[in-house]
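# Notes for the structure review
Listed here are the chains, written in short residue letters.
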Amino acid sequence: MGLFIYLNFVYVSRSYQHYWLAGQVKALDTLAEHIGKDKVIHEHESRALYPCPSQAARHIIGVAKPHNIKDVQAIVAWANTHNIKLYPLSTGRNWGYGGGNPVEEDCLIVDMGDMDQIRNFDPDLGSITLQPGVTQGDLYNFLTDHSYPFFAPVTGSSPHCSLIGNALERGYGVTPITDHFQGITEVKAVLADGSIYQGQLDQMDVESSKLAKWGAGPYVEGLFSQGNFGIVVEATIKLEAKTDHSIMIIFKPSDDAEDFEQVVRISRELMQTQKKVVSAIKYFNKAYSVALNMPVPRDELAAPDFDITAWLNDASKKHRLPEWLGLIFIYGNDDLAHIAARECKKRLAPHCKSIVIFDRKKIKLARAANKILPNIKPLQMIKAQIDTVSASYDLLRGMPQSRFLKAAYWRAGELPDNQDDYHPGRDGCGLIWYAPMLPMTGKDLLKFEQITKDVCARHGIFPVVSMTTISEQCITALVPIMFDPATESEQAFACHKDLFESCQAAGSLPYRAHIDSMAWYGADNQTTHFQSALQKAKQHIDADGLMSPGRYQRRKA
Ligand SMILES: Cc1cc2nc3c(=O)[nH]c(=O)nc-3n(C[C@H](O)[C@H](O)[C@H](O)COP(=O)(O)OP(=O)(O)OC[C@H]3O[C@@H](n4cnc5c(N)ncnc54)[C@H](O)[C@@H]3O)c2cc1C
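These remarks concern the structure in this document.

Cut-off values and rules
Residues numbered from 1 in each chain as written. Predicted model: local features only at pLDDT ≥ 70, side-chain atom pairs only at ≥ 80, totals over all residues. Heavy atoms only, no water. Phe/Tyr/Trp six-rings, centres within 6.5 Å; stacked < 30°, edge-to-face > 60°. Helix = DSSP H or I, 4+ residues; strand = E, 2+ residues; numbered from the N terminus. Buried < 20%, exposed > 50% of the residue type's maximum accessible area, 1.4 Å probe, protein only. Expected span 1.5 Å × (residues − 1). Near = heavy atom within 4 Å. Polar contact = N/O pair within 3.5 Å; in protein donor to acceptor, adjacent residues only side chain to side chain. Areas by Shrake-Rupley, 256 points an atom, 1.4 Å probe, with all protein chains shown as cover. Nonpolar A, V, L, I, M, F, W, Y, C, P; charged D, E, K, R; others polar. Domains from an automatic or database assignment. Pairing = 2+ DSSP bridges. Axes fitted to C-alpha atoms, helices over the stretch in contact; angles between N-to-C directions. Contact = heavy atoms within 4.5 Å. Salt bridge = Lys/Arg side-chain N within 4 Å of Asp/Glu carboxyl O.

## A word on the packing of aromatic side chains
- Throughout the structure, instances matching the rule amount to 17 aromatic pairs.
- Taking 6.3 Å as the distance between ring centres and 70 degrees as the angle between the ring planes, the aromatic pair formed by F483 and F493 counts as edge-to-face. One end of the pair, F483, is in the loop between strand 16 (474–482) and helix 15 (489–506); the other, F493, is in helix 15, and 10 residues separate them in sequence.
- Of the residues examined, F483 reaches a relative accessible area of 0% and is grouped as buried.

Shown next as structure tokens:
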């Protein structure tokens, strides 16, 4: 009898699902009538179109690809009529955080990639208005083609990634405006009732509205960053003028923890006292250096008693890799940049094994040397290191490149021959980013690294850590939880959850979340004051929860 009831239940729910889906497909046809057939895609698996190395997957109603604001408004009106939730994205390459997969099931993805125009550019002030489909590569080409002396705010991800999606998600890079949402001065969006949001001063034709981030009155634009309050159709960003000089310092702190703490203190002081010149600082732990220089030990990994920590220690000893590696990025005119670089070197020297300053001349020499060096096994590691240094220098000068995506293929994945074709979501890589904010003190950074090592050891994951300053007070750590999707997905998810809980217990949490972890925020399983205030705002702006349901929201129990 029990079995009969169960089978009956399965049959009824399957039939309902089938019926429901048929209804959605029909509804999608009516959307095509409104905006055009070519702008609607019938696809029910988001990962088929927007794959993520984190292996996120959601059922979707389909995809709409608007070409203009009118299309966006028509999509919103249609979604209201058919009670369908929308999930807007720019280029959908939010790899490691969910890719283009919505947070919740059964949304219609609104892919803004075809709205890819540069609308306005002020070549004196460096203010530029972009649609969401404009990529880092597009902006870089635009600036170089016209010899405009401004940096594109690039990241270590692909040149095919958007500027607006990245900024809305609070992405960051190394060019002078490291925090990309900080660079946004104005946002235009379509709200859930189809109306337009536009800054007050912009609508009043105040010329400086595009230049002053805060405008006048409450700052509303913040709701669109990591929020779910509308579809951003346009944004203005501030570009930083190109300095004639950029310098990159690579340093290896002595292996003693005490020395590392001193290095963090000194680099913090350098950022505090040389604002804008010392632009950003990065640290990489030993596991990161090993992963950068050696292939993953595929065969050994299969052994049940494989010990990751022992292997990392052996590998780092063999190649004389340091406990920590540091990078400092400096911008300024010739004199200023070199004075700052010398000051950094002088102050860090007592606590470092080596410090090398790379300016334009030295990079040129290194590139020339790399061309002459024969491609033989004993030299391959050095050649690869020179390539990485030279590519990092280009990134520092605002040139986006796919090269750094190669890191996502370390544990698993088929690396395409052509760099421009790298796509860790599509190529079988396994990666979830875990990105907590930490106070910039040596003790805090070491404590976090120890937590990561302990947690990763519990789940058989390599404890790879890098850290990038977002200010002189705060640093973001990045743990790429790398795994083989064929065999290790479950342990990677468990590691992600364990990291979140262990770090929360120790007082740190990510500044940016994977779609699966957005619901984990909250104190003692209670709705926080922050969340309840946000829900009230949401009630007024989007009462039916049409826009990006679940995005940075605690899910209902
Ligand atoms: C190896 C590797 C290195 C990486 N390095 C970096 C790095 O250095 N810095 C960095 O920041 N990231 C990095 N990433 C992560 C990621 O690839 C980039 O942040 C990328 O720019 C995000 O994808 P996107 O630009 O396509 O944004 P999207 O995926 O289009 O957008 C991200 C989210 O923002 C929201 N959104 C986007 N557009 C809109 C809109 N028009 N209206 C409303 N909401 C919208 C959506 O919720 C969307 O899911 C890296 C990833 C990998 C794998």
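So much for the structure itself; the text now carries on.
## Topic: helix 15
- Taking 1.5 Å as the rise per residue, helix 15 with 18 residues should run 26 Å; its terminal C-alpha atoms sit 26 Å apart, in good agreement.
- S489, A492, C495, H496, D498, L499, F500, S502 and C503 are the residues of helix 15 that are buried.
- One or two positions beyond helix 15, positive phi appears at G507, with a value near 90 degrees.

## Let's talk about the site of the ligand
- Close to the ligand lie 29 residues, the nearest being S90, T91, R93, S157 and S162.
- The side chain of T91 places a nitrogen or oxygen atom 2.5 Å from an oxygen atom of the ligand.
- Contact with the protein chains hides 94% of the accessible area of the ligand, taken as 970 Å² for the molecule alone.
- Contributions of two or more residues to the shell around the ligand are made by strand 3 (85–89), helix 5 (164–168) and strand 9 (231–238).
- Split by residue class, the shell around the ligand holds 14 nonpolar, 12 polar and 3 charged.
- Three or more residues apiece are contributed to the shell around the ligand by two domains, here domain 1 (2–113) and domain 2 (118–238).

## Some remarks on the sheet that holds strand 15 (residues 466–469)
- Ordered by their spatial adjacency, 8 strands build an open sheet running 13-10-12-11-15-16-14-17, and the pairing between neighbours is antiparallel. Pairing within the sheet leaves two strands with one partner each, and these edge strands are strand 13 (352–358) and strand 17 (510–512). Pairs of neighbouring strands in the sheet enclose a mean axial angle of 25 degrees, with direction left out of account.
- Packed onto the sheet, helix 7 (residues 257–273) meets strand 10 (245–253), strand 11 (278–285), strand 12 (324–332), strand 13 and strand 15 and runs at close to 160 degrees relative to strand 11.
- In this fold helix 8 (residues 286–293) packs onto strand 11, strand 12 and strand 15, with an angle of close to 85 degrees to the strand it touches most, strand 11.

## Remarks on the pattern of salt bridges
- Applying the stated rule across the entire model yields 21 salt bridges.
- E472 is the partner of K275 in a salt bridge, and the nearest nitrogen-oxygen pair spans 3.2 Å. With K275 in the loop between helix 7 and strand 11 and E472 in the loop between strand 15 and strand 16, this pair connects stretches of sequence that are 197 residues apart.
- Using a relative accessible area of 52% as the deciding quantity, one classes K275 as exposed.
- Each of the salt bridges in this network shares a partner with another, and the network as a whole consists of E186, D202 and K210.

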